[in-house]
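Next come the chains, spelled out residue by residue.
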Amino acid sequence: MQDLADFLLYLRVDKGLAPKTIGNYRTSLAATLQHSVASHPVISSLIKSFVFSAPPVRNRVPEWDLSTVLRALREPPFEPPSWADTRSRLLCTMKTVFLLALASARRRGELQAVSRAPRDIVFSPRGVSLRTVAGFLPKTAIPGHDPQPFFVPSLVQYSGHDNADRLLCPVRMLKFYLMATGGYSPGGRLFQKLRDATPVSAQTISAWIVRCIRTATEDSTGRVSAHEVRRMAASWAYVSGGHDLEAILLAGSWASHNTFSSYYLADVVAQPDDRFRLCPVVAGRRIRLS
C-alpha cells in the first residue's frame, strides 16, 4: 500500500497529472495486479484529497457566440437551402443538424439514430415528431426500453411566414433535407453521408455541428464543441422559465438533477440579450418537451 500511495503522490506532485488521470492509473493497476490494495479506503481517500485540492474548472460560457451563428444561418451561403452541388448539400446538412440539436437538446448518438420511416417522422402544422430506429439504445436508457418520440415545434407558428426568424425553423429544414435525400424510407436513418447516402456515425454528427459553428462565425481556430449545443439548448430552456426541471431532464435524457446542473447548465444569463429575440423556440424557450 505504501508503494502504491508513493506512486500516486509522485504522479500528482512531480508529474502534475490531473486527479481523474491518476484515478485511471489506479484502476489499471488494480486490474493488472489483481490485488485489493488498489481499492483500499486509504488509497481512495488519497485520490479524493487530490480532487479536493484541484477541483475541475468548467467553462460555463462557450467561446463561440450563439447569436452570431443564428444570424449567419439566416443569410447566404446557408440561405436559400439548395441541393445543387456538394458545397450547398454540406451547408444544408450542417444547418439542419445544428438546428435540430439546438431545438431538441438530444445527444449526437440519438440524432444519428433518428429514423426516416413514415411512422417515425411525422409532420403536423405544429411541428414534427421524431423517433429513433428500432433497436437503438440511448446512453442512459434501460435495456428493453422503447425510446419515446420527441417533438420539435415549428418556429413559423411563433414568428409568422414573413419574419426572417422563420429561416431558423428546424422543421422547415428537416422537410427540405428529407425530400432532398430521397424522402421516407422504412428502416432507414434520417441523416446520410453526402457521398453514398449510407448512415452516418455520431462522430460525423459532431463534425457537422462544429463545422456549422465555424463557418457561421468565420473562426477556424477557436475552441468549439458540438456538446456545447446540447448544453446551451437545455440551459436556455431552464433560465427562460418555460419548463420545469423535470421536463428538461426527461427531454435531454439526463439521469439526475446533479448531472444537469454540474455539467450542462451553462451561464447563458451572461450572454447578449438579443438571443431571446433572435430565436425563442430554436433556443429552447418554448419547446414542447414531450
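What follows deals with the overall build of the protein. The number of helices and strands found in the protein is 13 helices and three strands. Counting all 290 residues of the protein, 46% fall into the buried class. For the protein, the share of sequence-separated contacts (at least 6 apart) that also reach a separation of at least 24 residues comes to 68%. Total accessible area on the protein stands at roughly 14600 Å², and carbon and sulfur atoms take up 54% of it.

Attention shifts here to unusual backbone geometry. A cis amide bond links Pro76 with the next residue in sequence, Pro77, at an omega value of 5 degrees. Its place among the elements puts Pro77 in the loop between helix H4 (66-73) and helix H5 (86-104). With an omega of -10 degrees, the peptide bond running from Glu79 to Pro80 counts as cis. Relative to the helices and strands, Pro80 is located in the loop between H4 and H5. Look at Ala197: it is not a glycine, yet its phi comes out positive at around 60 degrees. Of note, Ala197 is situated in the loop between helix H8 (170-180) and helix H9 (202-217). Positive phi values are uncommon outside glycine, yet Glu218 reaches one of about 55 degrees. Structurally, Glu218 is set in the loop between H9 and helix H10 (227-239).

Okay, helix H1 (residues 2-14) next. When the terminal C-alpha atoms of H1 are compared, their 17 Å separation across 13 residues agrees well with the 18 Å that a helix rising 1.5 Å per residue should span. Among the residues of H1, Leu4, Ala5, Leu8 and Leu11 are the ones counted as buried. Buried residues along H1 cover an arc of 120 degrees about the axis, so they all sit on one side. Along H1, the residues that are exposed and aim more than 90 degrees away from the buried face are Gln2, Asp3, Val13 and Asp14. Buried residues in H1 make contact with helix H2 (19-33) and helix H3 (41-53). At the exit of H1 stands Gly16, carrying a positive phi of roughly 70 degrees.

Within this structure, the stated rule accounts for six salt bridges. Between Glu79 and Arg172 there is a salt bridge; the shortest N-O distance is 2.8 Å. Of the two residues, Glu79 is situated in the loop between H4 and H5 and Arg172 in helix H8; the sequence distance between them amounts to 93 residues. Using a relative accessible area of 9% as the deciding quantity, one classes Glu79 as buried. For Arg172, a relative accessible area of 25% corresponds to the partly exposed category. A salt bridge links Asp120 to Arg131, with the nearest nitrogen and oxygen atoms 3.6 Å apart.

Our next topic: the confidence of the model for the protein. Any residue range with low pLDDT should be treated as having predicted coordinates unsuitable for detailed reading. Per-residue pLDDT for the protein averages 77, and the proportion of residues at 70 or more is 72%. Scored below 50 in pLDDT, residues 241-245 makes twelve contacts in the model with residues more than four places away or belonging to other chains. Throughout residues 247-290 the model reports pLDDT below 50, and contacts reaching past four residues in sequence, or to other chains, amount to 120 contacts.

All right, on to the pairing of strand S1 (residues 121-124) then. Pairing of S1 with strand S2 (residues 127-130) involves four bridges; the strand directions are antiparallel. Looking at the pairing, Phe123 lines up with Val128 of S2. Taking the residues that link successive antiparallel strands as the turn, the S1-S2 hairpin has two residues.

Procedures and definitions
Residues numbered from 1 in each chain as written. Predicted model: local features only at pLDDT ≥ 70, side-chain atom pairs only at ≥ 80, totals over all residues. Heavy atoms only, no water. Helix = DSSP H or I, 4+ residues; strand = E, 2+ residues; numbered from the N terminus. Buried < 20%, exposed > 50% of the residue type's maximum accessible area, 1.4 Å probe, protein only. Contact = heavy atoms within 4.5 Å. Areas by Shrake-Rupley, 256 points an atom, 1.4 Å probe, with all protein chains shown as cover. Expected span 1.5 Å × (residues − 1). Arc of directions from axis to C-beta. Salt bridge = Lys/Arg side-chain N within 4 Å of Asp/Glu carboxyl O. pLDDT = per-residue confidence, 0-100. Pairing = 2+ DSSP bridges.

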